[in-house]
Amino acid sequence: MTTREDAPGSTGGADVPGPLHGGPDDDYTPEQLAAMSREDLDLLGARYDGVQVLHTEPGPEPGSRLEKAAVRQVALTFALAGLAAFAAFVVYAGSGWFLPDWQWEITESGWSALFTPLIGALGGLSLVLVGVGMVLYTKKLLPHETAVQDKHDGSHFDRVTTGATLVGGLHNSGLARRKLITRTLVFMGSGVGLMLVMPLGGLIRNPNTGDPLGTTSWAEGVRLVRDDGSPIRPGDQVPGSLETVFPAVPGGNRQSDAATMLIRLRPEQVRVDRPRENQEDFGYGDYVAYSKICTHAGCPVSLYEQETSRILCPCHQSQFDVTRGAQPVFGPATRPLPQLPITVDDEGYFVARSDYIEAVGPTYWNRERI
Ligand code: FES
């Protein structure tokens, strides 16, 4: 068997200096390379790379108190990262099982308000601890070396010696003999892995009840009120004006999906008004009410140009014609603004006759419900 000493042109590793002539693939056959140890290949590759080591600082002495203390610090950090990741998973998976269920509708306090921030905080803490553990490991346990080297040319020799260098890096990391760190790494990896895939659980189990993204607070008999809560009667607005209204329910003026434009058409607009099919009676007199959420990407639309009867969205310039059922007539929106059916109650105030009959907001939500 060819040894490193008999190999033509071999340096035999760093301990045998010698001139390096021709390309490395001319100096060493694949069989000779295969016969060398990983350490020799690593050193040989470094010589051919023209590696110049500028500075070396060995890691802590194996088995020393310094190394043991550093191992404990790193292992503790990885263990805490794993614990935080598992906790995030438990919050997510346990909600509705042994923890309270959470709902899309957030009340002022309680589990639903805590649910998302808790998962975010635990997940964030876990990832920060992963980073801290990596930095501690690199700083305290790995040997430090500063070196410069030439670029590789991709020859067989380069591939073999680079492979040896990479394996050598793993070997020098000392992971194989630092069992405490490998165990906590496995624990942390399992937790972080679970945490990263757990959002896919939403595809299996939807914790929301009802259709929170397809419905709003509007319902039969709910009054239309201004931001300050005052109700509106027909005649309060001048023809050609627009007012933003909200459902008269607790917190109604903070529900962005329920924001609605109440528009009083001018007589000439009423004459040419062509509501959408089966929505001919959604208006009341010369009033119509449309969702304020753009069907393109959800921006609030409220730039009303009464001369052209168009509502403009400032985000990407979609325009909706209020005399044609708020159909889009310009821009990227492809769906009309949903119309709120309205009437007046016994006291003469505007009320909704029902919720919107279609999802408000971006067209995406108009997909077939499942
Ligand atoms: S969000 Fe309105 S046009 Fe894009």
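This one's a predicted model, so the numbers in the text were calculated from it and none came from an experiment. (Residues numbered from 1 in each chain as written. Predicted model: local features only at pLDDT ≥ 70, side-chain atom pairs only at ≥ 80, totals over all residues. Heavy atoms only, no water.)

Trainee: Would you mind going over the overall build of the protein chain with me for this structure?
Mentor: If you tally the helices and strands in the protein chain, you get eight helices and twelve strands. A buried classification covers 38% of the 370 residues belonging to the protein chain. Considering only contacts within the protein chain whose residues lie at least 6 apart along the sequence, 66% involve residues at least 24 apart. Accessible area of the protein chain: about 20300 Å², with a carbon and sulfur share of 59%. (Helix = DSSP H or I, 4+ residues; strand = E, 2+ residues; numbered from the N terminus. Buried < 20%, exposed > 50% of the residue type's maximum accessible area, 1.4 Å probe, protein only. Contact = heavy atoms within 4.5 Å. Areas by Shrake-Rupley, 256 points an atom, 1.4 Å probe, with all protein chains shown as cover.)

Trainee: When you look at the packing of helix H3 (residues 38-48) against helix H6 (residues 156-172) in this model, what are you seeing that I'm missing?
Mentor: When two helices pack together, their arrangement is given by the angle between the helix axes and the distance between those axes. Where H3 meets H6, the axes come as close as 8 Å, and the angle between the chain directions of the two elements is 120°. Between H3 and H6, the angle falls in the class oblique. Crossing of H3 over H6 shows left-handed handedness. Between H3 and H6, the contacting residues are Arg38, Leu41, Asp42, Leu44, Gly45 and Tyr48 on the first element and Phe157, Val160, Thr161, Ala164, Thr165, Val167, Gly168 and His171 on the second. Across the contact of H3 with H6, the residue classes break down as seven nonpolar, five polar and two charged. (Axes fitted to C-alpha atoms, helices over the stretch in contact; angles between N-to-C directions. Parallel < 35°, antiparallel > 145°, perpendicular 65-115°, else oblique. Left-handed = near helix turned anticlockwise from the far one by under 90°. Nonpolar A, V, L, I, M, F, W, Y, C, P; charged D, E, K, R; others polar.)

Trainee: It is not clear to me how a nonpolar patch on the surface should be interpreted in this structure. Could you clarify?
Mentor: A contiguous nonpolar surface patch, about 360 Å² in accessible area, is contributed by Leu76, Leu80, Leu83 and Phe187. Sorting elements by how many residues they give to the nonpolar patch places helix H4 (residues 65-94) first, with three residues. Within the secondary structure, leucine 83 sits in helix H4. Relative accessible area serves as the criterion here: at 48%, leucine 83 is assigned to the partly exposed category. (Patch = residues over 30% accessible without salt bridge, like charges linked within 9 Å, V, L, I, M, F, W, Y side chains within 5 Å. Salt bridge = Lys/Arg side-chain N within 4 Å of Asp/Glu carboxyl O.)

Trainee: Even after reading the chapter, I still don't get the environment of valine 186, so can you show me in this structure?
Mentor: Residue position: valine 186 is located in helix H7 (residues 179-197). The class of valine 186 is exposed, set by a relative accessible area of 57%. Between the C-alpha atom of valine 186 and that of phenylalanine 78, which follows or precedes it by 108 residues, the distance is 9.1 Å.

Trainee: What is the right way to read the packing of helix H5 (residues 111-141) against H7 from this model?
Mentor: Relative to each other, H5 and H7 sit at 150°, their axes nearing to 11 Å. Looking at the two axes, H5 sits roughly antiparallel to H7. The hand of the H5/H7 crossing is left-handed. Contacts between H5 and H7 involve Gly123, Ser126, Leu127, Val130, Tyr137 and Leu141 from the former and Ile181, Met188, Val192 and Met195 from the latter.

Trainee: Explain the pattern of salt bridges here, please?
Mentor: Two side chains carrying opposite charge are able to pair once their charged atoms lie near each other. All told, the structure shown has eleven salt bridges when counted by the stated rule. With a shortest N-O distance of 2.8 Å, arginine 223 and aspartate 345 are connected by a salt bridge. One end of the pair, arginine 223, is in the loop between H7 and strand S3 (224-225); the other, aspartate 345, is in the loop between strand S11 (342-344) and strand S12 (350-352), with 122 residues separating them in the sequence. Residue glutamate 358 is joined to arginine 276 by a salt bridge in which the shortest nitrogen-to-oxygen separation is 2.9 Å. Placement of glutamate 358 in the segment after S12 and of arginine 276 in the loop between helix H8 (267-272) and strand S6 (287-291) is noted, with a sequence separation of 82 residues between them. Residue classification places arginine 276 among the buried residues on the basis of a relative accessible area of 17%. Via salt bridges that share partners, Glu67, Arg177 and Arg178 belong to a single interconnected network.

Trainee: Can you walk me through the sheet that holds strand S5 (residues 260-264) in this structure?
Mentor: Paired through backbone hydrogen bonds, the strands of a sheet run either parallel or antiparallel to each other. The strand order across the open sheet built from four strands is S3-S4-S5-S6, with neighbouring strands paired in antiparallel fashion. Both outer strands of the open sheet, S3 and S6, are each paired with one neighbouring strand and no more. Relative to S6, S5 runs antiparallel, the two being bridged by five bridges. For arginine 264, the partnering residue across the bridge sits in S6 and is tyrosine 287. (Pairing = 2+ DSSP bridges.)

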